[in-house]
Amino acid sequence: MFLCSIYSVCRSSAARGLLTFFSAASRPIFSLQHTLTQQDVRMECGPVLPDSVVLEIFFRLPHDAVLRAGLTCRQWLAVSRDEFLWRELFYSYYRIPRAVPRHPAAVSWYREFKRLFDCIPCVEVQTLREHNDQVLHLAFSHRGHRFSSCSKDCTVKLWDTERPDGNISLVHSSSMRQFNWGYTQFSQFNADDSLLLVSGVYLGPHHSSSGEIAVISLENYTLLSRVRNKPYDVFGCWLNETHLISGNLHWIGNMTSCSVLWLNKAFQDIESENVNVVKRLFKIQNINASTIRTVMVAHCRRHDNPDLLLDYEAQSQARRQKGQQQQHQPLLFDLGTSGSEEEDEAEEGDECQREARSHGLPNARLSQPTFSGLEHVIQSRKNVGRRELALETQVAQMMGRAHTKAPDTSLIEPSEPGDGEDKTYLLFTTGSLTYSPHQIGIKRIKPDQMTTCGPVLGEERSSEEFFDSLDHVIDIHGHIIGMGLSPDHRYLYVNSRAWPAGCVISDPMCPPPIAEEIDLHVIDLKSLREERRSLRAHRAFTPNDECFFIFLDVSRDFVASGAEDKHGYIWDRHYNICLARLAHDDVVNSVAFSPADQELLLSASDDSTIKVWRSPRMVRLAQTATRPPRPRSLLSSWLSRNKNSTSAGSVNGKP
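Residues numbered from 1 in each chain as written. Predicted model: local features only at pLDDT ≥ 70, side-chain atom pairs only at ≥ 80, totals over all residues. Heavy atoms only, no water.

Below, the discussion takes up the nonpolar core. F58, W86 and I570 are the most contacted members of the largest nonpolar core, which has 37 residues in total. Listing elements by their share of this core, those giving two or more residues are α4 (51-58), α5 (63-69), α6 (74-80), α7 (83-94), α8 (109-118), β26 (558-561), β28 (578-583) and β29 (588-594). Looking at this core, the element that brings in the most residues is α7, giving six residues. The contact partners of F58, leaving out residues within four places of it in the chain, are V66, A69, W76, V79, S80 and L85. Core analysis: the second largest hydrophobic core is formed by 17 residues, M296, I474, I476 and L525 among them. (Core = buried A, V, L, I, M, F, W, Y, C linked by side-chain atoms within 4.5 Å. Buried < 20%, exposed > 50% of the residue type's maximum accessible area, 1.4 Å probe, protein only. Helix = DSSP H or I, 4+ residues; strand = E, 2+ residues; numbered from the N terminus. Contact = heavy atoms within 4.5 Å.)

Structural data, given as structure tokens:
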């Protein structure tokens with residue numbers, strides 16, 4: 001109806017041109033805009049409608065119709081770039097609440113619309129099938145030139161992303177079965193991409209299982225060291241270029257344990273054979289069958305100059321000024337080892353046992369737990385009643401209050417802008433009510449703890465300070481199934497499956513039922529509080545006791561996650577909207593953005609494949625680069641010659 005009114009007042013040539021552009025519906029919109037510039041729009045309309053009327057008509061058209069109509073004549077092109085028009089198209093098409101402002105780095109609404117439409121890695125360009133079992137984790141190097149993959153086939157594979165033809169190829173594969181591993185589960189490059197940390201599940205005697213970390217040189221792919229890691233879902237992580245963090249677990253009661261976090265040197269130099277290669281960082285008490293898991297390190301040196309300044313604080317402040325809340329609440333968007341190491345561990349365990357007995361805790365079996373610690377608790381419950389377990393928890397809490405080192409509040413106070421202080425936080429999942437991880441623990445690592453120099457058992461402490469305290473705890477009120485840091489380490493993104501509102505946990509071994517919907521929480525590591533919670537589109541279906549980790553990843557502008565519904569998902573960090581669903585044939589366990597190009601994304605699945613995704617813009621550029629140069633068209637050549645001859649005639653004084 002509206003287009004007919006335009007046709008009636010425009011030249012027939014303009015109308016035919018409009019129909020020509022509308023007939024190109026099969027072509028990508030922004031590809032059309034790229035190839036047809038303003039210089040190509042040479043048709044002029046005769047009797048024209050006022051700009052205000054054309055704009056009013058464009059307000060009632062979808063974005064693709066506006067783009068094609070704008071290529072009909074110069075007037076329509078100018079009107080089709082109106083900022084108010086694209087603001088309305090942006091909010092309506094992406095269904096963003098109008099209270100959310102435009103991205104602070106955006107220069108126009110049109111370009112912002114195009115960024116979200118054309119720069120999302122949602123086009124599958126390659127499928128890697130070299131693994132023969134479930135692929136569990138993906139990790140890019142810091143340069144983005146390599147990435148690693150871990151799998152249930154017990155291999156870690158390295159891949160090259162810089163081939164001239166743009167395809168990804170396998171560079172190296174290492175099997176860890178020779179070290180009695182069951183499978184590889186996690187990997188991470190160190191800061192200079194010279195070493196690779198590989199975490200896996202070690203199969204011990206009598207079908208017991210714990211974890212182990214291996215360090216592989218990326219110069220010649222040799223194994224440099226192996227470190228025991230218990231429980232295995234601690235995973236492990238790099239602290240700096242040469243030191244990594246591992247975990248150990250000692251049971252001091254039926255449901256009470258002690259988690260010890262160790263700093264390990266990745267390799268031992270010949271010149272430093274008399275220097276410690278391990279040092280204890282922290283020793284933390286666990287109650288109600290909980291343990292420390294999923295450790296990661298956040299280097300907060302860039303908090304005052306982040307890559308992407310999100311507006312969470314401003315939005316929260318605006319809400320508080322309106323009197324809608326008295327205290328802070330997150331914004332909610334509903335969008336649909338060797339023998340000597342074994343001796344050290346035994347000595348550490350005996351120390352925990354002695355301290356526990358001296359304070360009245362019942363003697364625990366010395367056998368180490370299996371299946372991430374739950375086997376110990378399950379066996380204990382068969383022999384100990386609920387009242388005895390509740391009494392043990394009360395005694396453990398009393399012991400913890402009396403013999404835990406007080407937190408140093410100055411360690412987590414926000415630093416003043418420009419003071420130059422670099423803060424390093426150790427982040428991990430933990431709990432206090434049940435065995436399922438439902439809290440984020442934060443512990444600051446001080447500068448003198450960055451190396452293994454000094455006493456092996458860490459700083460001196462009195463007998464009254466047996467445990468280290470947590471500097472800060474954030475309760476998620478649900479089962480945590482994934483964590484990822486933004487590139488600038490300012491924000492921590494957390495996948496969780498929520499508990500019912502108002503639920504009460506009476507039995508630590510019977511946590512509340514968890515939701516199928518996965519919530520994505522955003523925690524600001526500068527203010528140490530949750531700033532945003534999004535009810536997302538991704539889902540999981542396994543119950544509490546079968547829940548597994550789903551790795552997410554964060555780029556400058558986007559966040560991506562796997563899910564149990566056979567899809568990966570991509571969201572915009574600023575607008576909090578889902579932009580793409582990436583299909584697999586089974587559960588998607590891990591996703592990873594290239595740090596060198598956020599328009600390249602990988603996804604790993606239980607279908608034993610790794611899929612490579614690129615943005616429509618990059619696919620189009622790659623196709624253009626491989627296409628042979630086209631000869632100049634006859635029409636454009638004739639126009640060029642005619643223009644030159646006319647110019648020459650003017651110079652010679654001819655009309």
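On we go.
Glancing now at the packing of aromatic side chains. To describe a pair of aromatic rings, one takes the distance between the centres and the angle between the planes. Following the criterion strictly, the structure yields 21 aromatic pairs and no others. A centroid spacing of 5.3 Å and a plane angle of 40 degrees characterise the contact between Y93 and F113, whose relative ring orientation is tilted. With a gap of 20 residues between them, Y93 in helix α7 and F113 in helix α8 connect regions that are remote in the sequence. F113 sits in the buried class, given a relative accessible area of 0%. Between F549 and F551, the ring centres sit 5.0 Å apart and the planes meet at 65 degrees, which makes this aromatic pair edge-to-face. The exposure classification of F549 matches that of F551, with both residues buried. Taken together, the aromatic side chains of W86, F90, Y91, Y93, Y94, W109, Y110, F113, F117 and Y575 make up a single cluster linked through ring pairs. (Phe/Tyr/Trp six-rings, centres within 6.5 Å; stacked < 30°, edge-to-face > 60°.)

We now examine the side chain of T184. Within the element layout of this structure, T184 appears in strand β6 (residues 181-189). For T184, the side chain forms a polar contact with the main-chain nitrogen of S151, separated by 3.0 Å. In this structure T184 touches L136, C150, S151, C154, T155, V156, M176, V198, S199 and G200, once residues within four positions along its chain are discounted. (Polar contact = N/O pair within 3.5 Å; in protein donor to acceptor, adjacent residues only side chain to side chain.)

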